[in-house]
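# Reading the structure
Here are the chains, one letter per residue:
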Amino acid sequence: MRHIFSVAAFLLAAVTMTHAQILKPVMWSYGAKKISATEAMVFLKATIDDGWHVYSQHVKEGGPVPTSVKFEKSPDYLPVGKTAEPKPIVRMEPTFNMKVGFYEKSVIFQQKIKLKKGQVTVQGSVNYMTCNDKQCLPPENVKFNIPIN
Amino acid sequence: MNCNAKFGRGIILAFFLGSFISLSFGAIAADSTILNVGDKIPELKYDKWLKGTPIKEYEKGRLYIFEFWATWCGPCRQAMPHLSEVAAKYKDKITVVGIDIWENDENHHATITPEKFVRMMGNNMAYNVATDTKDQWMGNHWMKAAGQEGIPCSFMVRDGIILWIGHPINLDSVIDVVNSGKYDPVAVREEFKKKATEQEAQEAAMHRIMDPIDSAEKAQDWTKEFQLMDDAKKDTSFGKYWGGYLDFKKFMVLLNNFGEDKAMAFVKPWQATKPGYTLSTAAVIFQKKGLSRDTYMYGVELVKVAMTSQPDAPPPFFQELIASGYAAAGDYKTAVSTLQTAMDGANEAIKEGKYKGMVGPDMIDKMQKEMTEYKSHL
């Protein structure tokens, strides 16, 4: 259901595809909506192929590399609080032999941003890794540029 | 919650203001597969030999299995007990070495050190273990050079020649074949090459098709752009995946450059085929000023149908969008009543704790502002 959100609520979204995504199990897209004159919400959405998982930002020792989001420092904006994530699926993963929080099909991470001027471009990167039940791909760092008007 | 399937990846591409959508297919490492079955192995380099005895030289006729893994890789961990069995069963003929790669870089850190991980695994990792060098020699010169992206991944080596590269799940069968003497690395090599070529061809095809379309659009050469899009859709392997996106792109170009009539004459039969991009299409229509009432109502209808077909999704999102459609059409009375329904639904959902993280006070704030705006026109 989350895609509704991403489509209907976005004021503006920019899509950047790195590499030939046709062969990649995870595709990232970005968007933002203004929630007041001085605040915006930034959305980072991973669309995940069947069978593949992207992990929560909170993972115990010995688990996969957690997803992490970094924002570039800028005089134009300031991230407010932590990056929010929906409740992950938490399951005993036989491959990890521990309980792991993950997402399948899609996930949207959200970050509230305080705007210090009218038009800003929020820059940063997402680091994530993905596995299915057979293999894992190495953690990848994906940069984003999200214009907010 | 199966709505994703309906939209697939398309929706992401769909939004929004055409000029901001940029597709940039990164550079493809065309020479990524420089290491193949049948090739001489690259040099073995490591940072720490954590377990077992470092290999000083390769013993003639002995099989070496280099197993690439990482602490954060569940499937690698799952393969370890069996690798331990293989190491024990064939201890006279085979040496197994786990090579720990891709642990940390400037952007990510594993949750556990390899040392601690190896201790924790104990007898479930009963073979040699070494960590990659700081500059990722093994990750780059073995794995990446062989075009291998996923782990676990095993390299089987004898007499300095790579006999096989693959998932450790297949090790047993390969060991049997290799030991039987019937193994033909040349045939396996051809198979590898074929796969690599197919992959490169697919990636090259993306560039070949999308790059000219983007250039034509930049140059505002619409005739050329549309011709290229039509051709692209005829390419079945490409069209299947990108057809919807191309049509949505075409709709935006038409609406922004050819006027409402041409755009609508295109979009209606297209949307009738249920290609996805429904809400995106509606949103593009609502954002455009000065269209006819019929067009806005067509957009409203699209959203209504989408709402019925996705009962799991929060109705206020659809209703808010529908309200913006009525507002765009100048029907502020209906816009206000629809938005009121959306706000009531959203407030209710917040009270009940439904649609958490999706429907919240932010959304109410936004709708309140829209409400003020709509009401000012009454």
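A brief look at the structure comes next. What you see is a predicted model; the values in this text were computed from it and never measured.

Cut-offs applied
- Residues numbered from 1 in each chain as written.
- Chains lettered and ligands numbered in written order.
- Predicted model: local features only at pLDDT ≥ 70, side-chain atom pairs only at ≥ 80, totals over all residues.
- Heavy atoms only, no water.
- Helix = DSSP H or I, 4+ residues; strand = E, 2+ residues; numbered from the N terminus.
- Buried < 20%, exposed > 50% of the residue type's maximum accessible area, 1.4 Å probe, protein only.
- Contact = heavy atoms within 4.5 Å.
- Areas by Shrake-Rupley, 256 points an atom, 1.4 Å probe, with all protein chains shown as cover.
- Disulfide = S-S within 2.5 Å.
- Salt bridge = Lys/Arg side-chain N within 4 Å of Asp/Glu carboxyl O.
- Axes fitted to C-alpha atoms, helices over the stretch in contact; angles between N-to-C directions.
- Parallel < 35°, antiparallel > 145°, perpendicular 65-115°, else oblique.
- Left-handed = near helix turned anticlockwise from the far one by under 90°.
- Nonpolar A, V, L, I, M, F, W, Y, C, P; charged D, E, K, R; others polar.
- Pairing = 2+ DSSP bridges.

### Topic: the overall build of chain A
From N to C terminus, chain A includes 1 helix and 11 strands. Within chain A, buried positions represent 62% of all 149 residues. Long-range pairs, those at least 24 residues apart, make up 66% of the contacts in chain A with a sequence separation of at least 6. Split by element, the accessible area of chain A, about 5800 Å² in all, is 52% carbon and sulfur.

### A look at the state of the cysteines
Tallied over the full model, the rule gives 2 disulfides over all chains. Bridging Cys131(A) to Cys136(A), the disulfide has an S-S length of 2.1 Å. Measuring handedness by torsion sign, the sulfur bridge of Cys131(A) and Cys136(A) sits at about 100° and is right-handed. The residues Cys131(A) and Cys136(A) share a single accessibility class, namely buried. Covalently, Cys73(B) is tied to Cys76(B) through a disulfide, its sulfur atoms 2.2 Å apart.

### Quick look at the pattern of salt bridges
Any two side chains of opposite charge can pair, so long as their charged atoms come close to each other. Summed over the entire model, instances satisfying the criterion amount to 13 salt bridges over all chains. A salt bridge links Lys116(B) to Glu61(A); its shortest N-O distance comes to 2.9 Å. Highlighted residues: Lys116(B) in helix H4 (residues 114-121) and Glu61(A) in the loop between strand S4 (53-55) and strand S5 (68-71), drawn from two different chains. The class for Lys116(B) is partly exposed, based on a relative accessible area of 37%. Residues joined in a network through salt bridges with shared partners are Asp214(B), Glu217(B) and Lys249(B).

### Overview of the environment of Pro185(B)
Residues and elements named next belong to chain B. With respect to the helices, strands and loops of the structure, proline 185 is situated in helix H7 (residues 185-218). Residue classification places proline 185 among the partly exposed residues on the basis of a relative accessible area of 23%. Distance from proline 185 to glycine 38, taken between C-alpha atoms, is 5.7 Å for residues 147 residues apart in sequence. Residues within four places of proline 185 in sequence aside, it is in contact with Val37 and Leu163.

### Observations regarding the packing of helix H13 (residues 315-328) of chain B against helix H15 (residues 361-375) of chain B
Residues and elements named next belong to chain B. Direction vectors running N to C along H13 and H15 enclose 20°, while the axes themselves pass 12 Å from each other. Considering their axes alone, H13 and H15 lie roughly parallel with respect to each other. Handedness of the H13/H15 crossing: left-handed. Judged by residue contacts, Pro316, Phe317, Glu320, Ala323, Ser324 and Ala327 of H13 engage Met363, Lys366, Met367, Glu370 and Tyr374 from H15. Partitioning the contact of H13 with H15 into residue classes produces 7 nonpolar, 1 polar and 3 charged.

### Remarks on the sheet that holds strand S2 (residues 63-69) of chain B
Hydrogen bonds along the backbone pair up the strands of a sheet, which may run parallel or antiparallel. All names here are of chain B. With mixed pairing, the 6 strands of this open sheet are ordered in space as S1-S4-S3-S2-S5-S6. The sheet terminates laterally at strand S1 (49-51) and strand S6 (161-166), the two strands that pair on one side only. For this sheet, the mean angle separating the axes of adjacent strands, direction not counted, is 25°. Strand direction decides the pairing type here: strand S3 (residues 94-100) and strand S4 (residues 128-131), joined by 4 bridges, are parallel. In the sheet register, aspartate 100 faces S4, and the bridge partner there is threonine 131. Running over the sheet, H4 touches S1, S2, S3 and S4 and is turned about 20° from S1. Its contacts with the sheet put helix H6 (residues 171-180) on S2, S3, strand S5 (153-158) and S6, and the angle it makes with S5 is roughly 10°.

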